[in-house]
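The primary structure of each chain is shown beneath.
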Amino acid sequence: MAKKQTKGWDYSPALESTSHVELKKRYDLYINGEWVKPASKKYFKTINPATEEVLAEVAHANDEDVDRAVKAARKAYTDVWSKTSPSERAKYIYRIARLMQERSREFAVIESLDAGKVIRESRDIDVPLACNHFFYNAGWADKLEYAFPNRTIAPLGVAGQIIPWNFPLLMAAWKIAPALATGNCIVLKPAETTPLTALKLAEIIHDSGLPPGVVNIVTGYGDTGAAIVNHEDVDKIAFTGSTGVGKIIQNAIAGTSKKATLELGGKSANIIMDDAPLDQAVEGIVNGIFFNQGHVCCAGSRLFIQEGVYDKVIEKLKHRMNSLIVGNPLDKNTDIGAINSKEQLDIINGYLKIGQAEGAEMYQSPCDLPETGFYCRPTLFMNVAQSSRLVQEEIFGPVLAIQTFRTVDEVIQKANNTPFGLAAGVWTDKGSRIFNLTTKLRAGVVWANTFNKFDPASPFGGYKESGFGREGGLHGLEGYLKMN
Ligand code: NAI
Ligand code: MG
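What counts, and at which threshold
- Residues numbered from 1 in each chain as written.
- Chains lettered and ligands numbered in written order.
- Predicted model: local features only at pLDDT ≥ 70, side-chain atom pairs only at ≥ 80, totals over all residues.
- Heavy atoms only, no water.
- Axes fitted to C-alpha atoms, helices over the stretch in contact; angles between N-to-C directions.
- Helix = DSSP H or I, 4+ residues; strand = E, 2+ residues; numbered from the N terminus.
- Parallel < 35°, antiparallel > 145°, perpendicular 65-115°, else oblique.
- Contact = heavy atoms within 4.5 Å.
- Nonpolar A, V, L, I, M, F, W, Y, C, P; charged D, E, K, R; others polar.
- Near = heavy atom within 4 Å.
- Polar contact = N/O pair within 3.5 Å; in protein donor to acceptor, adjacent residues only side chain to side chain.
- Areas by Shrake-Rupley, 256 points an atom, 1.4 Å probe, with all protein chains shown as cover.
- Core = buried A, V, L, I, M, F, W, Y, C linked by side-chain atoms within 4.5 Å.
- Buried < 20%, exposed > 50% of the residue type's maximum accessible area, 1.4 Å probe, protein only.
- Donors = N, O, S within 2.8 Å, 3.2 Å for Na, K, Ca; no water.
- Salt bridge = Lys/Arg side-chain N within 4 Å of Asp/Glu carboxyl O.
- Pairing = 2+ DSSP bridges.
- Expected span 1.5 Å × (residues − 1).

## Regarding the packing of helix α6 (residues 168–181) against helix α7 (residues 196–207)
Two elements in contact, α6 and α7, have axes separated by 8 Å at closest approach and are oriented at 45 degrees. If you check the angle between α6 and α7, you find them oblique. Judged by residue contacts, P168, L169, A172 and I176 of α6 engage T197, L201 and I205 from α7. Of the residues in the contact of α6 with α7, the class split is six nonpolar, one polar and no charged.

Rendered as structure tokens:
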């Protein structure tokens, strides 16, 4: 008889097999269509944050390596890609999408191993959505002149792309697909804790027959990212990550001709009005803050509950939290996987201490946590002041700050009162209330009676310190074009 799962690591019949996954012991840099050893001669280890086991060693690119990658991209752009017809470009992008689909199980498992993300999410959300970004953008490649009538459009040239660790493959697809569709060549750097799916994607790109140098993948830390940002022959920087690094990048490119899109942090409000369908709203709140361990730039990390339904919502929310299973990301029953890194766990635990010291009331679901690996219980803070650091700062973990409100004006004022403006959610039965709130919330995306819904056709991006520029949809393609 199969043993019942009690903690993350016990045997479970729901455990995803890893036998079909091939990882190399050591990954070099993918430059000019070849795997090349880093001039730096340095490698770093990427681990599985759920077990702390080493998965592979990965090259740490230095300035010289980045220079090689940029030169390869420029040469590919000048000699080949700028002369490739839009319909040919589309064929390559479709081919990449189909090859990804064929290997989607492998991608999903590698993503879960390297990032700590639960397999259900990697398999059902990250990988299919990543494929869809390629399909969607492939469709635009030979129709762009119709999208921008009466304008002369041209690619920018070489795009430097720097991505974070929360949606590693999805972010790679989200950046690479529109850049290719618009005729640019690419140097992409994945995050240091999650390089493996981008390297797997390099293998797929290679198999697709894409001309050498059109996409180059260089792995490394912040210094590698900085080398891309500071390279004089890069035309555009597309960055997703922390607001702090976004500001460094903005300063670094000030006064140069480089273009930039920056997708930065968030502190998104989820607002429950007293007429909201409460069960549905609570599901949306749970999804908004606990999806992907809360490592989501648009996470609904601030909850506003209208006073009349406060007690009911809190009761339902705690009940729902208590049913969440935290543990082995490869178990199909797990709801909350591992925190991406020890550093991130330390940041989150720091905020738990800050919240308690500020006098907010903390509630954590009483689940067991695995003994090894980096984990955090789903956590609520109630009675949190507007000025609290829990309300004003991005935590990027499964931690929800709850406030109450009486009137629509009050909640709009509070919801808009942070340095960020990425997303928001509104839960109500009345269409007029939705309209009123969505037009007054200063957020790039406002969801009504849903949360964390993404589509390659929808533009995404923020106001204020959440960054600028839009990715996704036609707006995302526009960010890779020169127009006259
Ligand atoms: P980070 O912003 O340092 O890392 C994101 C990417 O930027 C990585 O690929 C990293 O290697 C690269 N990078 C780091 N320094 C760089 C530099 N000077 N120039 C160019 N590239 C550079 O984020 P980190 O430290 O991993 O996470 C810290 C906090 O940032 C998190 O707690 C979270 O609040 C926030 N964050 C937000 C994300 C979002 O999507 N909004 C994503 C990742 C982190
Ligand atoms: Mg890792």
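## Things to note about the site of ligand 1
Around ligand 1, a shell composed of 25 residues is seen, among which W165, K189, E192, S242 and E394 lie nearest. With respect to ligand 1, the side chain of W165 contributes an N or O atom lying 2.6 Å from an oxygen atom. Here ligand 1 has 810 Å² of accessible area as a free molecule, and 85% of this is covered by the chains. Taken together, the elements giving at least two residues each to the shell around ligand 1 come down to α8 (222–230), β10 (236–240) and α12 (342–357). No other element matches α8, which puts three residues into the shell around ligand 1.

## With respect to the nonpolar core
Of all hydrophobic cores here, the largest spans 132 residues; its most connected members are M100, F134, I176, L180, L201, L317 and I402. The dominant element in this core, judged by the number of residues it contributes, is α6, at eleven residues. For M100, the contacting residues outside a window of four places in its chain are F107, A130, C131, F134, L169, L201 and I204. Grouped together as the second largest cluster of nonpolar side chains are 16 residues, C376, V391, I395 and V399 included.

## Notes on the side chain of T379
You can see T379 is positioned in strand β15 (residues 379–382). A polar atom in the side chain of T379 sits 2.9 Å from the side chain of Q364. Not counting chain neighbours up to four residues away, the residues in contact with T379 comprise F290, M321, L352, M362, Y363, Q364, P398, V399 and L400.

## A short note on the coordination of the magnesium ion (ligand 2)
The protein atoms that coordinate the magnesium ion (ligand 2) are T46 (OG1), I47 (O), D114 (O), D114 (OD) and T193 (O), at distances of 2.2 to 2.6 Å. Donor residues binding the magnesium ion (ligand 2) come from one chain and are separated in sequence as T-I-x66-D-x78-T.

## Focus on unusual backbone geometry
Even without a glycine there, the phi angle at N383 is positive, about 55 degrees. One non-glycine residue with positive phi stands out, namely N449, at about 55 degrees. With respect to the helices, strands and loops of the structure, N449 is situated in the loop between β19 (445–448) and β20 (463–464).

## Remarks on the pattern of salt bridges
Where charged atoms from two side chains of opposite charge come close, those side chains can pair. For the coordinates displayed, the defined rule picks out 31 salt bridges. Measuring nitrogen to oxygen at the nearest pair gives 3.6 Å for the salt bridge that ties E192 to K189. A relative accessible area of 3% places K189 in the buried class. Through salt bridges with shared partners, one network takes in R103, E106, K200, E203 and D207.

## Comments concerning the sheet that holds strand β14 (residues 361–364)
The strand order across the open sheet formed by seven strands is β14-β15-β16-β13-β12-β18-β19, and the pairing between neighbours is mixed. Taken across any chain shown, the strands that pair with only one partner, and hence form the sheet edges, are β14 and β19. Each neighbouring strand pair of the sheet contributes to a mean axis angle of 20 degrees, computed without reference to strand direction.

## Describing the sheet that holds strand β5 (residues 53–59)
Across the sheet, three strands lie side by side as β1-β5-β4; this open sheet has mixed pairing. Only two strands of the sheet have a single partner each, and these edge strands are β1 (26–27) and β4 (43–48). Bridge analysis of β1 against β5 gives two bridges, and the strand direction is parallel. Considered in β5, the bridge of R26 is made with E57. Helix α3 (residues 104–115) rests against β4 and β5 of the sheet, and its axis sits at about 100 degrees to β4.

## As for α6
Taking 1.5 Å of rise per residue, the 14 residues of α6 would be expected to cover 20 Å, and the 20 Å separating its terminal C-alpha atoms lies within 8% of that figure. Once α6 finishes, G183 follows within two positions and takes phi at roughly 95 degrees, a positive value.

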